[in-house]
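Residues per chain are reported as follows:
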Amino acid sequence: MADNRAVVYKGPGKVAVEDIRYPELILRDGPGVNPLNVGRKCDHGVILKVVTTNICGSDQHMVRGRTTAPSGLVLGHEITGEVIEVGRDVEFIKKGDLVSVPFNIACGRCRSCKEQNTHVCENVNPDRPGSAYGYVDMGGWVGGQSEYVMVPYADFQLLKFPDKEQAMEKILDLTMLSDIFPTGYHGAVSAGVKPGSTVYVAGAGPVGLAAAHSAQLLGAAVVIVGDLNTARLAQAKSFGCETVNLREYPNLGEQIEQILGVPEVDCAIDCVGFEAHGHGALAGEAPATVLNTIMEVTRAGGKLGIPGLYVTGDPGALDEDAKVGTLKVRLGLGWAKAHTFVTGQTPVMRYHRDLMMAILNGKAQIAKAVNATVISLDQAPSAYAEFDGGASKKFVIDPHHSVKC
């Protein structure tokens, strides 16, 4: 049974919108599905009619061919939808509920989940702890850049919006709760941002913009955003951030000193990850650049939040070490400065309810901060290309034309 359309990875640089199987409350075999997950029954799950689903920078890493993702993988882990079918074992989620789906797939039963570490659930991915929809090496759960999607462990995972009509009025903000807003917020919390902090955010893509907005929500005195892209820096400046163009001004410490009077910040957030480029007009890819730079500019005893993605398999890397995630990181510098490093996926459920309340009560304007831009499902391939070209937009796919702009 088809009756479902989705964005599918077709190989490096290529995505397409194709007919796929309508979801069931069972995980069928398909591209990227771990053999040990094939046939897994999900009576604890629901089927969603997707209301919004976003294109993420993490998706872009796969589409560029920088992971081992197989052709045919259905993309998408940022999902908001309406419940249209409920599994036998679901008790509290009902048909018609409008819900946000954490991108981490988590059982709610294992030790990690009980400790709120839902980003490293031990029961959903046979390869290693942690899972996500539509992502390489994450167990093979089908992605949500589609018209319909299955979500397991519904009672535990799903965040129900209290008022459906109110939620639809703020849907461009609420769609960010599945990943980008909690991820930016986690980066800021992990970096120890508090009232009065000076903060450096590496990267002005959507996650960097979300981290900057989150730092402001947490009371930061000054938020400085660095990037090589002038349009993205202009977006950061539009909501009150200081900015540094690292293509024109490669010495970050000097630029921070011009802003703060000292060449260091209290804390820093890496929102770039393993495809980082060096600073300066002629610099090429240098995957450890951001990690080394934020150690240089963060004060002794400071914290580094690292939500930027680093992988264990990168076939497009520049050298053999980087292909397996071994980077030339100056750990000695971080050790000497007594830095705290926090890495890994974001435990979305730790934050999403609080951030929902901030949105619903007008305290957070995340859609404005990241320049949310609504597109149809058929426009997704061109949006991937535009995003890859550096567009300062967060593309929100509206499969059923539900969003009133």
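Residues numbered from 1 in each chain as written. Predicted model: local features only at pLDDT ≥ 70, side-chain atom pairs only at ≥ 80, totals over all residues. Heavy atoms only, no water.

Q: Break down the nonpolar core for me, with residues and values.
A: With 48 residues, the main nonpolar core has Leu177, Val193, Val201 and Val225 as its most contacted residues. Setting aside its immediate chain neighbours within four residues, Val201 contacts Gly208, Ala211, Ala212, Val223, Ile224, Val225, Gly226, Ile269 and Cys271. Counting residues in hydrophobic clusters, the runner-up holds 31 residues, among them Ile79, Cys107, Val149 and Val151. (Core = buried A, V, L, I, M, F, W, Y, C linked by side-chain atoms within 4.5 Å. Buried < 20%, exposed > 50% of the residue type's maximum accessible area, 1.4 Å probe, protein only. Contact = heavy atoms within 4.5 Å.)

Q: So what's going on with the pairing of strand S11 (residues 222-227)? Which residues, and what values?
A: Buried residues dominate S11, accounting for 5 of its 6 residues. Where strand S10 (residues 198-202) lies against S11, 5 bridges are found, and the strand directions are parallel. Looking across to S11, one finds that Ala202 is bridged to Gly226. Note that the unit made of S10, helix H7 (residues 206-217) and S11 has a crossover that is right-handed. (Helix = DSSP H or I, 4+ residues; strand = E, 2+ residues; numbered from the N terminus. Pairing = 2+ DSSP bridges. Right-handed = clockwise from strand over helix to strand, strands pointing away.)

Q: If you had to explain the environment of Tyr22 to someone new, which residues and values would you point to?
A: With respect to the element layout, Tyr22 can be found in the loop between strand S2 (14-19) and strand S3 (26-27). Spatially, the C-alpha atoms of Tyr22 and Arg5 are 8.5 Å apart, while their sequence positions differ by 17 residues.

Q: Can you lay out the environment of Arg28 for me, pointing to particular residues and giving the numbers?
A: Relative to the helices and strands, Arg28 is located in the loop between S3 and strand S4 (40-41). Sequence-wise, Arg28 and Val38 are 10 residues apart; in three dimensions their C-alpha atoms are separated by 5.3 Å. If we skip the residues at most four places from it in the chain, Arg28 touches Arg21 and Val33. Polar side-chain contacts of Arg28 include one of 3.0 Å to the side chain of Glu24. (Polar contact = N/O pair within 3.5 Å; in protein donor to acceptor, adjacent residues only side chain to side chain.)

Q: Can you lay out the UniProt feature "domain: Alcohol dehydrogenase-like C-terminal" (unreviewed entry) in the protein for me, pointing to particular residues and giving the numbers?
A: The UniProt record marks residues 206-274 with the feature "domain: Alcohol dehydrogenase-like C-terminal" (unreviewed entry), using the residue numbering of this structure. For residues 206-274, the end-to-end C-alpha separation is 16 Å, with 42% helix and 23% strand making up the annotated structure. (UniProt positions renumbered as here; feature names shortened; annotations may be inferred.)

Q: So what about the pairing of strand S6 (residues 78-86)? Which residues, and what values?
A: Of the pairings in the sheet, the one linking strand S5 (residues 46-54) to S6 comprises 8 bridges and is antiparallel in character. Its bridge partner being in S6, Val50 is matched across the sheet by Gly81.

Q: Describe unusual backbone geometry, with residues and values.
A: With phi around 70°, Gln116 is a residue other than glycine that occupies positive phi space. Mapped onto the fold, Gln116 is located in the loop between helix H2 (111-114) and strand S8 (148-151). Taking relative accessible area as the criterion, Gln116 reaches 46% and is therefore assigned partly exposed. Of note, Ala338 is a non-glycine position whose phi angle comes to about 55°, a positive value. Considering the arrangement of structural elements, one finds Ala338 in the loop between helix H12 (331-336) and strand S15 (340-343). Overall, Ala338 belongs to the exposed group, its relative accessible area being 51%.

Q: Break down the packing of aromatic side chains for me, citing the residues and quoting the values.
A: By the definition in use, this model includes 2 aromatic pairs. Taken together, a centroid distance of 5.2 Å and an interplanar angle of 50° make the contact between Tyr22 and Tyr148 tilted. With a gap of 126 residues between them, Tyr22 in the loop between S2 and S3 and Tyr148 in strand S8 connect regions that are remote in the sequence. Tyr22 gets classed as buried once you look at its relative accessible area, which sits at 19%. Note on Tyr185 and Tyr351: the rings are 5.4 Å apart at their centroids and 70° apart in plane angle, and the pair reads as edge-to-face. Within this pair, whereas Tyr185 is found in helix H6 (residues 180-190), its partner Tyr351 is found in the loop between S15 and helix H13 (352-360), the two being separated by 166 residues in sequence. Classification of Tyr351 by relative accessible area gives buried; the value is 8%. (Phe/Tyr/Trp six-rings, centres within 6.5 Å; stacked < 30°, edge-to-face > 60°.)

Q: Explain the pattern of salt bridges to me, and be specific about the residues and the numbers.
A: The full count for this structure, using the stated rule, is 18 salt bridges. Arg66 is the salt-bridge partner of Glu275, the closest N and O atoms lying 3.4 Å from each other. Linking Glu275 in the loop between strand S13 (265-270) and helix H10 (289-297) with Arg66 in the loop between helix H1 (57-63) and S6, this pair joins segments that are 209 residues apart in sequence. In this structure, Glu275 and Arg66 share a single accessibility class: buried. (Salt bridge = Lys/Arg side-chain N within 4 Å of Asp/Glu carboxyl O.)

Q: Help me get a handle on a nonpolar patch on the surface, residues and values and all.
A: Taken together, the side chains of Val329, Leu331 and Phe341 make up a nonpolar region of the molecular surface, amounting to roughly 240 Å² of accessible area. In this fold, Leu331 is placed in helix H12. By relative accessible area, Leu331 is classed as exposed at 56%. (Patch = residues over 30% accessible without salt bridge, like charges linked within 9 Å, V, L, I, M, F, W, Y side chains within 5 Å. Areas by Shrake-Rupley, 256 points an atom, 1.4 Å probe, with all protein chains shown as cover.)

Q: If you had to explain the packing of H6 against H7 to someone new, which residues and values would you point to?
A: Put simply, H6 and H7 touch, their axes get as near as 7 Å, and they point 60° apart. On the basis of their axis angle, the class for H6 and H7 is oblique. Relative to H7, the crossing made by H6 is right-handed. Each of Ile180, Phe181, Thr183, Gly184, Tyr185 and Ala188 in H6 lies in contact with H7, whose residues at this interface are Pro206, Val207, Ala210, Ala211, His213, Ser214, Ala215 and Leu217. Residue classes in the contact of H6 with H7 are distributed as 10 nonpolar, 4 polar and no charged. (Axes fitted to C-alpha atoms, helices over the stretch in contact; angles between N-to-C directions. Parallel < 35°, antiparallel > 145°, perpendicular 65-115°, else oblique. Left-handed = near helix turned anticlockwise from the far one by under 90°. Nonpolar A, V, L, I, M, F, W, Y, C, P; charged D, E, K, R; others polar.)

Q: Give me the lowdown on the side chain of Asn37, citing residues and values where you can.
A: Position of Asn37 relative to the elements: it lies in the loop between S3 and S4. One polar contact links the side chain of Asn37 to the main-chain carbonyl oxygen of Val124, over a distance of 3.2 Å. A polar side-chain atom of Asn37 sits 3.1 Å from the main-chain carbonyl oxygen of Gly139. Discounting chain neighbours no more than four positions away, the residues touching Asn37 are Leu27, Val124, Pro126, Gly139 and Trp141.

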